[in-house]
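Residues per chain are reported as follows:
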Amino acid sequence: MSLKPIICPSLLSSDFAFLARDSNYMLECGADWLHIDVMDNHFVPNLTLGAPIVKSLRKHTKGHFDCHLMVTNPETMIEDFKNAGANSITFHIEATESRGITQKVITQIKEAGMMVALCVKPKTPIEEVFPYVDQLDFVLIMTVEPGFGGQSFMKDMMTKVKTLRSKYPNLNIQVDGGLDPSTIDFASEAGANVIVAGSALFKPNQDPKETIKLFKDSINKHSPNW
């Protein structure tokens, strides 16, 4: 199985007053998915986009909504995001494993007709997702502490990517945090093919089309060696 590059601009770095404009512009520049960070100011110390905003945005774009639930109780939000037009939902294993409901939430998302992924924070061993990987569409490895954009890339997280890629060669592996032209090669060489980027794509005087192409070229260059 050949894994293609999937580039996901993080709307956390967009202008919230112009979400539809920015979303469609990124798709025109070659982006594949739109990454939507959902934070509840409890699981992480920030409060961001909820289902009503996603539902409004859905009316103005056909893009794939990659919804990353950084929330304490993801199981309570699945139906709302389904109705809002989400295409995939990623939730944190740290929010569910201690309550013994990780399997329940995976099943809930799959039965709602959406793609499903698990995410691990930097301090969580990647081995925690192994029992569930065969049921997942992808795994997200955070390369910063979740909560805010603009943080520095944590290169030591590439060990997790390499471990996951070695064990699951056909798995889509997503990385999120600090990805830009100076760090993309570390991620793609380790085995990541799904890239979330915020500041690198939305900062002023930046050509996102060029950056998206650079990201894809890096993945295509390194993927034959995985």
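Residues numbered from 1 in each chain as written. Predicted model: local features only at pLDDT ≥ 70, side-chain atom pairs only at ≥ 80, totals over all residues. Heavy atoms only, no water.

1. Details of the overall build of the protein chain
Thinking step 1. Secondary structure summary: the protein chain contains nine helices and eight strands in total.
Thinking step 2. Against the compact-globule benchmark of 17 Å for 226 residues, the protein chain has a radius of gyration of 16 Å, which places it among compact chains.
Thinking step 3. The C-alpha extent of the protein chain, read off along each of the three principal axes, is 40 × 40 × 30 Å.
Thinking step 4. Of all 226 residues assigned to the protein chain, the portion counted as buried reaches 54%.
Thinking step 5. At a minimum sequence separation of 6, the contacts of the protein chain that also span at least 24 residues come to 67%.
Thinking step 6. A total of about 10,000 Å² of accessible surface is found on the protein chain, and carbon and sulfur atoms cover 50% of it.
Thinking step 7. Separation of charge centres in the protein chain, based on 22 positive and 26 negative side chains, amounts to 3 Å. (Helix = DSSP H or I, 4+ residues; strand = E, 2+ residues; numbered from the N terminus. Rg over C-alpha atoms; globule rule 2.2 N^0.38 Å. Buried < 20%, exposed > 50% of the residue type's maximum accessible area, 1.4 Å probe, protein only. Contact = heavy atoms within 4.5 Å. Areas by Shrake-Rupley, 256 points an atom, 1.4 Å probe, with all protein chains shown as cover. Lys, Arg positive; Asp, Glu negative; His and termini not counted. Charge placed at Lys NZ, Arg CZ, Asp CG, Glu CD.)

2. What about the side chain of N193?
Thinking step 1. Within the secondary structure, N193 sits in the loop between helix 7 (184–190) and strand 8 (194–197).
Thinking step 2. Take N193: its relative accessible area is 0%, and that puts it in the buried class.
Thinking step 3. For N193, the side chain forms a polar contact with the main-chain nitrogen of I173, separated by 3.0 Å.
Thinking step 4. In contact with N193, not counting residues within four places along its chain, are L3, K4, P5, I6, R165, L171, N172, I173, I219 and W226. (Polar contact = N/O pair within 3.5 Å; in protein donor to acceptor, adjacent residues only side chain to side chain.)

3. Things to note about the environment of D137
Thinking step 1. Its place among the elements puts D137 in the loop between strand 5 (115–120) and strand 6 (138–142).
Thinking step 2. For the pair D137 and L164, spaced 27 residues apart in sequence, the C-alpha separation works out to 14 Å.
Thinking step 3. In contact with D137, not counting residues within four places along its chain, are M115, V116, L171 and N172.

4. Thoughts on helix 2 (residues 51–58)
Thinking step 1. If you check which residues of helix 2 are buried, you get A51, V54 and L57. One face of helix 2 carries all of its buried residues, which in axial projection span an arc of 120°.
Thinking step 2. Among the structural elements, helix 1 (19–28), strand 2 (33–39), strand 3 (64–70) and helix 3 (78–84) are those in contact with the buried residues of helix 2. (Arc of directions from axis to C-beta.)

5. Details of the UniProt feature "active site" (unreviewed entry) in the protein chain
Thinking step 1. Feature annotation in UniProt places "active site" (unreviewed entry) on D37 and D176, given in this structure's numbering. Judged by maximum C-alpha separation, these annotated positions cover 140 residues in sequence but sit close together in space, the widest gap being only 10.7 Å.
Thinking step 2. When you line up the elements, D37 lands in strand 2.
Thinking step 3. In this structure D37 touches S10, L12, T48, L49, H68, M70 and D176, once residues within four positions along its chain are discounted.
Thinking step 4. Within the local environment of D37, its side chain forms a polar contact with the side chain of S10, the two groups lying 3.0 Å apart.
Thinking step 5. Counting through the fold element by element, D176 comes out in strand 7 (residues 172–176).
Thinking step 6. Excluding anything up to four places from it in sequence, D176 contacts H35, D37, H68, L140, I141, M142, T143, V144 and V196. (UniProt positions renumbered as here; feature names shortened; annotations may be inferred.)

6. What to know about the pairing of strand 5
Thinking step 1. By the criterion of burial, strand 5 is predominantly enclosed, with five of the six residues buried.
Thinking step 2. Note: strand 4 (residues 88–92) against strand 5, five bridges, orientation parallel. Within strand 5, the position partnered with S88 by the bridge is M115. (Pairing = 2+ DSSP bridges.)

7. Digging into the UniProt feature "binding site: substrate" (unreviewed entry) in the protein chain
Thinking step 1. With numbering aligned to this structure, UniProt lists the feature "binding site: substrate" (unreviewed entry) at S10, H68, G147, F148, G149, G150, G178, G198 and S199.
Thinking step 2. Along the chain, S10 turns up in the loop between strand 1 (6–9) and helix 1.
Thinking step 3. On the basis of relative accessibility, which here comes to 6%, the residue S10 falls in the buried class.
Thinking step 4. In contact with S10, other than residues within four places in its own chain, are H35, D37, V196, A197, G198 and F202.
Thinking step 5. Residue placement: S199 occurs in helix 8 (residues 199–202).
Thinking step 6. The class of S199 is partly exposed, set by a relative accessible area of 37%.
Thinking step 7. Apart from the residues within four sequence positions on either side, S199 is in contact with S13 and G150.

8. Side note on the environment of S188
Thinking step 1. Turning to its location among the elements, S188 is positioned in helix 7.
Thinking step 2. Classification of S188 by relative accessible area gives buried; the value is 0%.
Thinking step 3. Remark: the alpha-carbon pair of S188 and K55, spanning 133 residues in sequence, is separated by 33 Å.
Thinking step 4. A polar atom in the side chain of S188 sits 3.5 Å from the backbone oxygen of D185.

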